[in-house]
Amino acid sequence: MSNTSEIDSQDGVFDLVIRGAKVLTTAGIAPREVGIRDGVVIALEPLGNNLSGREVIELADDETLIPGLVDSHVHINEPGRTDWEGFASATRAAAAGGVTTVIDMPLNSIPATVNVDALELKRSVARDQAFVDVGFWGGAIPGNKADLRPLHDDGVFGFKCFLLHSGVDEFPPLDADEMEIDMAELKSFDSLMIVHAEDSRAIDRAPTAEGDHYDKFLASRPRGAENLAIAEVIERARWTGVRAHILHLSSSDALPMIASARRDGVKLTVETCPHYLTLMAEEIPNGGTSYKCCPPIREASNRELLWQGLLDGTIDCIVTDHSPSTLDLKDLENGDFAVAWGGVSSLQLGLSLIWTEARHRNIPLEQVIQWMSTGPANLVGLHRKGKLAPGYDADFAVFAADDAFVVDVKKLKHKNPITPYDGRALSGVVRRTFLRGQEIDGITPTGKLLRRGEITVERAAHA
């Protein structure tokens, strides 16, 4: 530490002080002053204590300082499919939406993140482009059991597998027995298996999705396929003792068996996504392939039960599953749900989407942040993220909860201008985002590459 920093420390001078009538702390929203030094929250004191800072920011009366969101389910696709999305565009979009940490999925990049060489290649590409902090999931596919421990040792946060075709040939699915073998391997070093849970046999027997009618697509991915696969994950997790996580839950039918498994001691966590909580099948237009995702957006009654699953604690967190593609892959000209790529682009919009729905349901902002920041941080073991508290990274968003805006897809930071939310009126605007006490400007990448279990992390080249 420099002499100047030592003097500053002794004099109680912070690098940055943020003062506001509404600061979302672990005890709720309160008038506070936040003192930041070396990118970490050092002091959290009542408003009026007049903490001294080299820089001082006074929040407006309509602004709330919230912890930066953690999105543990993002497909960035670089290298290999960078025309779909890339680290620069994805992390700019994240920052614009108040997200300060993303965990990148092992597909749809080429190569997939299924061995250490592929992980290091991905890191080398991300290193000088990240505007927010970025961590990585590994992949579990047939034949790579020997790669799981090396990937874990190199810092991935866990391993993703599919129980049916992933949509890309370089990331093939596991059958249930293969998944169990890999689960036992992960248990030996206390890693986490995250699962895309849809049963391939049930979907093979379902009607075809061909055509532009959404009800046909919905019938092609029945709830039963999701329920069967989740039951399989539960039993294999029970037998192996591994920590398991259900990705993008869309079938509310599965909630009772998830709750039952947890009462039995199965180490199971669950996420859902903004599209399942804000959209409903009854309102999706024919040919509306921007809404296509797997598992699908289901009926309004299903949506209400997912909200109940969040409120009663069965569902742990909300993450976007930002799964972008180029416009042509969405088959916009024909609107054929069997042909179109399945994935919703929403990384920049997640907080506003959920807040818009939550306030209609009288759910407070504190609860939304628990689901979208604290919960995902806990899932992946990021012990300095997800809360605004002393000792935590100074990752914040300045959120104007009562502001409103209309989504204009052309103004989003995502690489490809398509989202089912185009033209939708939303509440809540992210005005500024801070990473370790520095405002993200969208010009200079200051994100770090995160490794599981490490407090020290790798700084971006331009930081």
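Up top you'll find the structure we're talking about.
What this report covers is the structure whose coordinates are included nearby. (Residues numbered from 1 in each chain as written. Predicted model: local features only at pLDDT ≥ 70, side-chain atom pairs only at ≥ 80, totals over all residues. Heavy atoms only, no water.)

1. Here's the deal with the side chain of Thr374
Convention followed: Counting from the N terminus, the helices are the DSSP runs of H or I reaching at least four residues and the strands are the DSSP runs of E reaching at least two. Note on contacts: a residue pair is in contact if any heavy atoms of the two residues lie within 4.5 Å.
Tracing the backbone shows Thr374 in helix H13 (residues 365-380). Excluding anything up to four places from it in sequence, Thr374 contacts Ile369, Gly386 and Lys387.

2. Focus on the sheet that holds strand E11 (residues 192-196)
What counts, and what does not: Here, a strand pair is defined by DSSP locating no fewer than two bridges between the strands. Lines fitted to C-alpha atoms define the axes here, with helix axes fitted over just the stretch in contact, and angles between the N-to-C directions of these axes take values from 0 to 180 degrees.
In space, the six strands of this open sheet follow the order E9-E10-E11-E12-E13-E14, with parallel pairing throughout. Among the strands making up the open sheet, the edge pair consists of strand E9 (138-139) and strand E14 (317-318). Two elements, strand E13 (residues 268-272) and E14, share two bridges in a ladder whose sense is parallel. The residue bridging Glu271 from the neighbouring strand is Cys317, located in E14. Taken strand by strand, helix H5 (residues 176-187) contacts strand E10 (159-162), E11 and strand E12 (243-246), and its axis lies near 155° from that of E11.

3. Let's talk about unusual backbone geometry
In the segment running from Ile110 into Pro111, the intervening peptide bond is cis, with an omega of 0°. In this structure, Asn77 is a non-glycine residue whose phi angle is positive, near 75°. Tracing the backbone through its elements, the reader meets Asn77 in the loop between strand E6 (69-74) and helix H2 (87-96).

4. Here's the deal with the packing of helix H4 (residues 145-153) against H5
Inclusion rule: Orientation is classified from the angle alone, with under 35 degrees giving roughly parallel, over 145 giving roughly antiparallel, 65 to 115 giving roughly perpendicular, and any other angle giving oblique. Left-handed describes a crossing whose near helix is turned anticlockwise from the far helix through less than a right angle; right-handed describes the clockwise counterpart. Each residue gets one of three labels, nonpolar for Ala, Val, Leu, Ile, Met, Phe, Trp, Tyr, Cys and Pro, charged for Asp, Glu, Lys and Arg, and polar for the others, Gly among them.
Running from N to C, H4 and H5 point in directions that differ by 30°, and their axes come no closer than 10 Å. It follows that H4 is roughly parallel to H5 by the angle criterion. For the crossing formed where H4 meets H5, the hand is right-handed. Of H5, the residues touching H4 (which contributes Lys145, Leu148 and Arg149) are Ile181, Asp182, Glu185 and Leu186. Each residue belonging to the contact of H4 with H5 can be placed in one class, and the counts come to three nonpolar, no polar and four charged.

5. With respect to the nonpolar core
We count it as follows: Side-chain atoms within 4.5 Å link the members of a nonpolar core, which is a set of buried Ala, Val, Leu, Ile, Met, Phe, Trp, Tyr and Cys residues. Relative accessible area decides the class of each residue, using a 1.4 Å probe on protein chains only: under 20% of the type maximum gives buried, over 50% gives exposed, and in between gives partly exposed.
Among the nonpolar cores identified, the biggest contains 97 residues, and Val102, Phe159, Met179, Met193, Val233, Leu249 and Leu351 are the most heavily contacted of them. Beyond its immediate chain neighbours, meaning those up to four positions away, Met179 contacts Cys161, Leu163, Leu174, Met193, Val195, Glu232, Val233 and Arg236. Ranked by size, the runner-up nonpolar core spans 14 residues in total, among them Ile36, Val41, Phe396 and Phe434.

6. Details of the packing of aromatic side chains
Basically, it comes down to this: A pair of Phe, Tyr and Trp rings is counted when the ring centres sit within 6.5 Å of each other, with Trp represented by its six-membered ring. The angle between the planes then sorts it: under 30 degrees is stacked, over 60 is edge-to-face, the rest tilted. Comment: the charge-over-ring label is applied if NZ (Lys) or CZ (Arg) is within 6 Å of the ring centre and within 35 degrees of the ring normal.
As enumerated under the stated definition, the model contains seven aromatic pairs in all. Through a chain of ring-to-ring contacts, three or more aromatic side chains come together here, namely Tyr214, Phe217 and Phe337. Between the NZ or CZ atom of Arg81 and the centre of the ring of Trp84, over which it lies, the distance is 5.2 Å.

7. Structural notes on the packing of helix H12 (residues 350-360) against H13
Running from amino to carboxyl end, H12 crosses H13 at an angle of 140°, the nearest separation of the two axes being 10 Å. One finds that H12 runs oblique with respect to H13. Here H12 runs over H13; the crossing is right-handed. Along the contact surface, H12 presents Gly350, Leu351, Ile354, Trp355 and Ala358, while H13 presents Leu365, Val368, Ile369 and Met372. Counted by class, the contact of H12 with H13 contains eight nonpolar, one polar and no charged residues.

8. Quick look at helix H11 (residues 300-311)
Heads up, the rule is: One fewer than the residue count of a helix, multiplied by 1.5 Å, yields its expected span. Picture the helix axis, draw a direction to every C-beta atom, and the arc is the one those directions span.
Taking 1.5 Å as the rise per residue, H11 with 12 residues should run 16 Å; its terminal C-alpha atoms sit 17 Å apart, in good agreement. Among the residues making up H11, those that are buried are Asn302, Arg303, Leu306, Trp307, Gly309 and Leu310. Down the axis of H11, the buried side of the element spans an arc of 155°, and every buried residue falls inside it. One or two steps after H11, the chain reaches Gly313, where phi turns positive at roughly 90°.

9. With respect to the side chain of His73
Note on placement: His73 falls in strand E6. Assessed through its relative accessible area of 0%, His73 is described here as buried. Excluding residues within four positions of it along the chain, His73 makes contact with Ile103, Met105, Lys160, Leu247, His248, Glu271, Val319, Thr320, Asp321 and His322.

10. Description of helix H8 (residues 223-240)
Each turn of an α-helix holds 3.6 residues, which means side chains three or four residues apart point in the same direction. Between its first and last C-alpha, H8 extends 26 Å over 18 residues, near the 26 Å set by a 1.5 Å rise per residue. Here H8 has its buried residues at Ala225, Glu226, Asn227, Ala229, Ile230, Val233, Ile234, Arg236, Ala237 and Thr240. Taken together, the buried residues of H8 touch H5, E11, helix H6 (200-205), E12, helix H9 (255-263) and E13. Note on H8: the residue one or two positions beyond its end, Gly241, has a positive phi of about 80°.

11. Brief notes about the environment of Thr326
Rule in force here: We call two N or O atoms a polar contact when they sit within 3.5 Å, provided that within protein one can donate a hydrogen and the other can accept it, with sequence-adjacent residues counted only if both atoms are side-chain atoms.
As for its position among the elements, Thr326 is in the loop between E14 and H12. With 89 residues separating them along the chain, Thr326 and Lys415 place their C-alpha atoms 8.5 Å apart. The contact partners of Thr326, leaving out residues within four places of it in the chain, are Asp83, Trp84 and Asn416. Engagement of the side chain of Thr326 in a polar contact is seen with the side chain of Asp328, the distance being 2.6 Å.

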